[in-house]
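Single-letter residue listing:
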Amino acid sequence: MESTTAPNASKTPNSDLPTMFRPPVNRAMRVLDRSFFKKTVPLSAATVFKSSDISKVRGQLQKSRDLLAVPRISSVQDVKVKDEVKKCLLLKEGIKYDDATTWSPTINELVENGAVGIGRYDFELDYDYWPYADIMNAILPEDMLEELPQGFTQVGHVSHLNLREQYTPYKYLIAQVLKDKNPTIRTVIRKTEDVGAHSEFRTFPFEFLAGDEDMNVIQHEQGCEFRFDYSRVYWNSRLETEHRRLVNKFRPGEMVCDVMAGVGPFAVPAGKKKIFVWANDLNPHGYEVMQDAIRRNKVNQFVTPFNKDGRAFIRWSANELLQTEPVTVYHRPTVFGHYVMNLPANALEFLDAFPGVYAGKESLFVPHTSTPLPMVHVYCFSGHSEDEVDDHKDICQRISERIGYTITPEDRVGGSGNAELELAIHNVRLVSPNKQMFCASFRLPKEVAFRQSSKRKAHCISAPRDITYGTKMSVQLPPPTHRKRALPQGELEAASTLRLGADQNTHTLSLSEARLVINKVLENKRRGGKKYEEPENLTKTLDYLEVFARFKDEENIKAVERLLNSHTELEMFERSQLGSLCCDNAEEAKSLIPSLQHKISDGDLQELLDELTKLRNFTE
């Protein structure tokens, strides 16, 4: 294939590599040729004559800033000297083995003392060395490099890639490189039309771009495992934080009605927390997958699946729950405490099933009992307005029209309106520049729940049968995952409840992030043209960080940051500590960071630590 060279490769965006370490450029490439990406970089190296001197010499050269500092390249390499393999230390680019004027006083001293010999070292780079961004910068046209396509959603081993129109001629190249550079990806697909464009089950047409044509995935979320054919059900990995947020609102022993449950990303984790869920989905395959997930995650005593129309399920389930014999795990309620409606495209339309849903059953709720009317959590889309209040007004108006009762943004918690509604509108995510996803939560108004009308009489709930409640939990619980520890005393009590005073909300960094930031600052200062003497305390700090920073690659550091920041239940200090310590298990983490004790379960914490371990192993 004909090779082309970039007119100004040194200004190629999205690369922090020195020019001589960047990949060769071929903007005419249309089929990936990995063999093209080979490069020999001429360097200088200090060969250490005595193996016992390696650590000492490395420390001296590191302190004098003579060592090569390039991402993903170890400064310690093997070199053959008279049929004997010795260790050498790669020197930074400006040092010439055949020009002593480029040597620092430290190098001169080491040579004079006979500790090292300076010679040429040809470092070989190939396709495996460069990350995705650097390869794409060498392939795509220069006018496409400002917004390099890097974002994708991963479901199991499948990467779901969204590409702007201008990148579609390069879709196979992009997909192949993306797959190569992400070891957990085996399949890359591209959505060809919008979700739900041809299916009420929220599936989407797609094309295979790279890898195996296998859509049967295994997905883990909140300590639960789901197995499904991604082409036949709806799943969005970007909603994991939202799934976690809502499940955390439910309390053990509560009764939840999940009207559009999908494969169970709300229902199954809720069941793990001993929350009762009746979970419904219209998609027959989604229903089968949910049944499997319930069995696989051993929540069958808490989660019951259904395969019905959502609107009919709202009214049918309320009546059926009153008529159903209780289970013996906990005291299962006879009415729902929450309704979840996760169908943002049209869930609001299903709200017209709620008027009269508990007509004639006022005696079951406050003030006749301590049981409040259920909370409704309905997902929807709205425009991405400059003032979010406008979006909230739009959502409230659409809710009001469907339930026949006026709800306004002032009814929010702490607002000036109807406090009984407990309204909260949560911004879930920006779907596109003009489309925002929200979750509107409100308590079902009594005027709606108990509404009597001739239209609704046929649907009124019959009186419940005499129900005998179970009195004792019958599930055999597994042993705790960590040993009981004595509570900290005295001054140590502050550790179990994080109290950092004025620094409570200060932005904190992990050791890996600190190393990256300091190196970037120093790199900029060294390139500034002025002589810069680095303070000794900074040098010692960097030496420490070189040893103890768990992640050295910038892409991995960013991946760790994204993973940790998804756990919004944790303080920033706790997240940075987890990123620095990289504990093996939940017990160790909670021992070293006592404030985690009541913020995150052992299961969720172990899942987080396992993900960190994967990223760390990939780096190493």
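Naming follows an unreviewed UniProt entry, where the protein appears as tRNA (guanine(37)-N1)-methyltransferase of Aspergillus nomiae NRRL. What the UniProt record of the protein gives under Catalytic activity (unreviewed entry) is the line "guanosine(37) in tRNA + S-adenosyl-L-methionine = N(1)-methylguanosine(37) in tRNA + S-adenosyl-L-homocysteine + H(+)". Under the UniProt heading Function (unreviewed entry), the entry covering the protein gives this text: "Specifically methylates the N1 position of guanosine-37 in various cytoplasmic and mitochondrial tRNAs. Methylation is not dependent on the nature of the nucleoside 5' of the target nucleoside. This is the first step in the biosynthesis of wybutosine (yW), a modified base adjacent to the anticodon of tRNAs and required for accurate decoding."

Novice: It is not clear to me how the nonpolar core should be interpreted in this structure. Could you clarify?
Specialist: For soluble globular proteins, nonpolar side chains are generally found buried alongside one another. Residues Phe 228, Tyr 230, Tyr 339, Met 341, Phe 354 and Ile 399 are the most contacted members of the largest nonpolar core, which totals 85 residues. When residues no more than four places from it in sequence are discounted, the contact partners of Tyr 339 are Cys 257, Val 259, Ile 314, Ala 318, Phe 354, Val 357, Tyr 358, Pro 374, Met 375, Val 376 and His 377. Among the nonpolar cores identified, the runner-up in size contains 45 residues, and Phe 37, Val 41, Phe 123 and Ala 210 belong to it.

Novice: Just checking my understanding: could you explain the sheet that holds strand 4 (residues 116–125) for this structure?
Specialist: Whether parallel or antiparallel, the strands of a sheet pair through hydrogen bonds between backbone atoms. Strand order across the open sheet formed by four strands is 2-3-1-4, with antiparallel pairing between neighbours. Two strands close off the open sheet at either side, each with one partner strand: strand 2 (76–81) and strand 4. Geometrically, the sheet is characterised by an average inter-axis angle of 50° between neighbouring strands, direction not taken into account. When strand 1 (residues 39–48) meets strand 3 (residues 84–90), the two strands line up antiparallel, connected through three bridges. The residue of strand 3 that forms the bridge with Ala 46 is Leu 89. Contacts from helix 1 (residues 54–63) reach strand 1, strand 2, strand 3 and strand 4, with the element oriented near 20° to strand 3.

Novice: Teacher, can you tell me more about the packing of aromatic side chains here?
Specialist: How two aromatic rings sit relative to each other is given by the distance of their centres and the angle of their planes. With the rule as written, the count across this model stands at 21 aromatic pairs. Between the aromatic rings of Phe 206 and Phe 208, the centroid separation amounts to 5.3 Å while the plane-to-plane angle is 85°, which identifies the pairing as edge-to-face. On the basis of relative accessible area, Phe 206 is assigned to the partly exposed category, the value being 25%. The class of Phe 208 is partly exposed, set by a relative accessible area of 25%. By way of ring pairs, the aromatic residues Trp 278, Phe 306, Phe 313, Trp 316, Phe 336, Tyr 339 and Phe 354 are connected into one cluster. The ring of Tyr 127 is capped by Lys 181, whose NZ or CZ atom sits 4.1 Å from the centre of that ring. One residue, Lys 435, lies across the ring of Phe 381, its end atom 4.2 Å from the ring centre.

Thresholds, definitions, all that
- Residues numbered from 1 in each chain as written.
- Predicted model: local features only at pLDDT ≥ 70, side-chain atom pairs only at ≥ 80, totals over all residues.
- Heavy atoms only, no water.
- UniProt positions renumbered as here; feature names shortened; annotations may be inferred.
- Core = buried A, V, L, I, M, F, W, Y, C linked by side-chain atoms within 4.5 Å.
- Buried < 20%, exposed > 50% of the residue type's maximum accessible area, 1.4 Å probe, protein only.
- Contact = heavy atoms within 4.5 Å.
- Pairing = 2+ DSSP bridges.
- Helix = DSSP H or I, 4+ residues; strand = E, 2+ residues; numbered from the N terminus.
- Axes fitted to C-alpha atoms, helices over the stretch in contact; angles between N-to-C directions.
- Phe/Tyr/Trp six-rings, centres within 6.5 Å; stacked < 30°, edge-to-face > 60°.
- Lys NZ or Arg CZ within 6 Å of the ring centre and 35° of its normal.

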